[in-house]
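Architecture and fold: a report
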Amino acid sequence: GMLRGKRFITYGIVRDAIAKAFNKETKEVEHAYDVLGDYGRIAEMARKDRLKAEIQLGTPIRVMLADRAPDLETAMEKFANPCLEYKYDGFRVVIHKDNNAIRIFSRRLEDVTPQFPDIVQWSRENIKARNCIVEGEALAIDAKTEKPRPFQILSRRIQRKYDIEKTAKEIPVQVNLFDIIYYNSESWMDRRLKERWEKLREIIKETKRFRLANHFETKDFKKANAFYKSALSAGQEGAIVKNLNAHYQPGRRVGYWLKVKEILEPL
């Protein structure tokens, strides 16, 4: 936790320094960082007075993060228009599709395309869009039972630099998609999650291994609790309660997504 905080302070210092040096709004600089993830490049753009932070296919974007809620009831009360999704113990993938060119990025902005030839192929075949950026959770699964396997197993695959095809067969994955932030050359970040989810549902041709995340829209606590319990009995970590009225906010925990896990972790 400590390190994370420290790193954030440094980012803040760099952000403020750029804003001051080139007479820009702090918010403007921060937004550019969310979308481009590279302060060196942003300083250069600010210097030339070209600080237009447009999403660029093939350039990783900082992902939206979830806050933790103490329990399901608290999370459900937070939003007028909530939905629930399974919380998968996997690896966040951001898939950039530009016609047939596919790039896959991690939440830490690393390019992991080479490690996932299977996801590349599925993205080509099952996303009906000229170009887009979709997000989901890749999960290691048992080939026979299709049940989830622990993240540790998946991380072996992420670290592999050779024998990739063989490892892909040994450690099959399932992708559970839950968001779209760019569609046919337009940013969708400012649209409500309700609209983003509808679009995602419209353009994804689901298969057993490349599918939409389990998603349920309700205000009823009893029904929500049943959905939450179903996530746990399916071997998933819990649920995430999301605000269907909220836009997409890269790189920060802003309270639009709340994760509810059964395990009480020590602080």
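Calculation criteria
- Residues numbered from 1 in each chain as written.
- Predicted model: local features only at pLDDT ≥ 70, side-chain atom pairs only at ≥ 80, totals over all residues.
- Heavy atoms only, no water.
- Helix = DSSP H or I, 4+ residues; strand = E, 2+ residues; numbered from the N terminus.
- Rg over C-alpha atoms; globule rule 2.2 N^0.38 Å.
- Buried < 20%, exposed > 50% of the residue type's maximum accessible area, 1.4 Å probe, protein only.
- Contact = heavy atoms within 4.5 Å.
- Areas by Shrake-Rupley, 256 points an atom, 1.4 Å probe, with all protein chains shown as cover.
- Lys, Arg positive; Asp, Glu negative; His and termini not counted.
- Charge placed at Lys NZ, Arg CZ, Asp CG, Glu CD.
- Core = buried A, V, L, I, M, F, W, Y, C linked by side-chain atoms within 4.5 Å.
- Axes fitted to C-alpha atoms, helices over the stretch in contact; angles between N-to-C directions.
- Parallel < 35°, antiparallel > 145°, perpendicular 65-115°, else oblique.
- Left-handed = near helix turned anticlockwise from the far one by under 90°.
- Nonpolar A, V, L, I, M, F, W, Y, C, P; charged D, E, K, R; others polar.
- Salt bridge = Lys/Arg side-chain N within 4 Å of Asp/Glu carboxyl O.
- Pairing = 2+ DSSP bridges.
- pLDDT = per-residue confidence, 0-100.

**Structural notes on the overall build of the chain**
Looking only at helices and strands, the chain has 9 helices and 11 strands in total. Its C-alpha atoms give the chain a radius of gyration of 19 Å, near enough to 18 Å, the size a compact globule of 267 residues would have. Along the longest, intermediate and shortest principal axes, the C-alpha atoms of the chain span 55 × 45 × 40 Å. Expressed as a percentage of the 267 residues in the chain, the buried residues total 50%. Partitioning the contacts of the chain with sequence separation of at least 6, the portion at a separation of at least 24 is 69%. Of the roughly 13,900 Å² of accessible surface on the chain, 50% is carried by carbon and sulfur atoms. Charge separation in the chain, taken as the distance between the mean sites of 52 positive and 39 negative side-chain charges, equals 2 Å.

**Considering the environment of A101**
Looking at the element boundaries, A101 is found in strand β4 (residues 101-105). Using a relative accessible area of 45% as the deciding quantity, one classes A101 as partly exposed. Through-space distance from the C-alpha of A101 to that of K87 is 29 Å; in sequence the pair is 14 residues apart.

**Details of the nonpolar core**
Counting residues in hydrophobic clusters, the biggest one holds 46 residues, and the most contacted among them are I42, L72, L84 and V241. Counting residues per element, this core draws most heavily on helix α2 (residues 26-36), which supplies 5 residues. Not counting residues within four places of it along the chain, the set of residues in contact with V241 comprises L72, A75, M76, F79, P82, C83, L84, Y256, W257, L258 and V260. The next biggest cluster of nonpolar side chains, apart from the first, holds 32 residues, and it includes I102, A140, I171 and I180.

**Considering the packing of α2 against helix α3 (residues 39-47)**
For the pair α2 and α3, interaxial distance at closest approach is 9 Å and the crossing angle is 135°. With respect to their mutual orientation, α2 and α3 come out oblique. Judged by the twist between their axes, the crossing of α2 over α3 is right-handed. Packed against α2, whose contacting residues are V29, A32, Y33 and L36, the element α3 presents Y39, R41, I42 and M45 at the interface. Looking at the contact of α2 with α3 residue by residue, the classes come out as 7 nonpolar, no polar and 1 charged.

**Comments concerning the pattern of salt bridges**
According to the stated counting rule, one finds 23 salt bridges in the structure shown. The salt bridge partner of R62 is D34, with a shortest N-O separation of 2.6 Å. You can see R62 sitting in the loop between α3 and β1 (65-68) and its partner D34 sitting in helix α2, a full 28 residues away along the chain. A relative accessible area of 14% means that R62 is categorised as buried. A relative accessible area of 2% means that D34 is categorised as buried. The partner of E195 in a salt bridge is R191, with the nearest N and O atoms 2.6 Å apart.

**A few points about the pairing of strand β11 (residues 253-261)**
As paired elements, β1 and β11 share 3 bridges and run parallel to each other. What sits directly across from D67, in β11, is L258. Where strand β10 (residues 238-243) lies against β11, 5 bridges are found, and the strand directions are antiparallel. By the bridge assignment, I240 is partnered in β11 with K259.

**Looking at the side chain of E30**
Mapping E30 onto the fold places it in helix α2. Looking at E30, the relative accessible area reads 14%, which means it is buried. When residues no more than four places from it in sequence are discounted, the contact partners of E30 are R15 and R252.

**Quick look at the environment of V175**
Following the sequence through the fold, V175 ends up in strand β6 (residues 173-183). Using a relative accessible area of 0% as the deciding quantity, one classes V175 as buried. Each C-alpha atom, one on V175 and one on F91, is 9.3 Å from the other, the two residues being 84 residues apart in sequence. Ignoring any residue separated from it by four or fewer positions in sequence, one finds V175 in contact with V93, I119, W122, E137, A138, R209, F210 and R211.

**Describing the confidence of the model for the chain**
This prediction gives the chain a mean pLDDT of 91; 94% of its residues lie at or above 70. Across residues 1-6 the pLDDT falls below 50, and counting only partners more than four positions away or on other chains, this stretch makes 2 contacts in the model.

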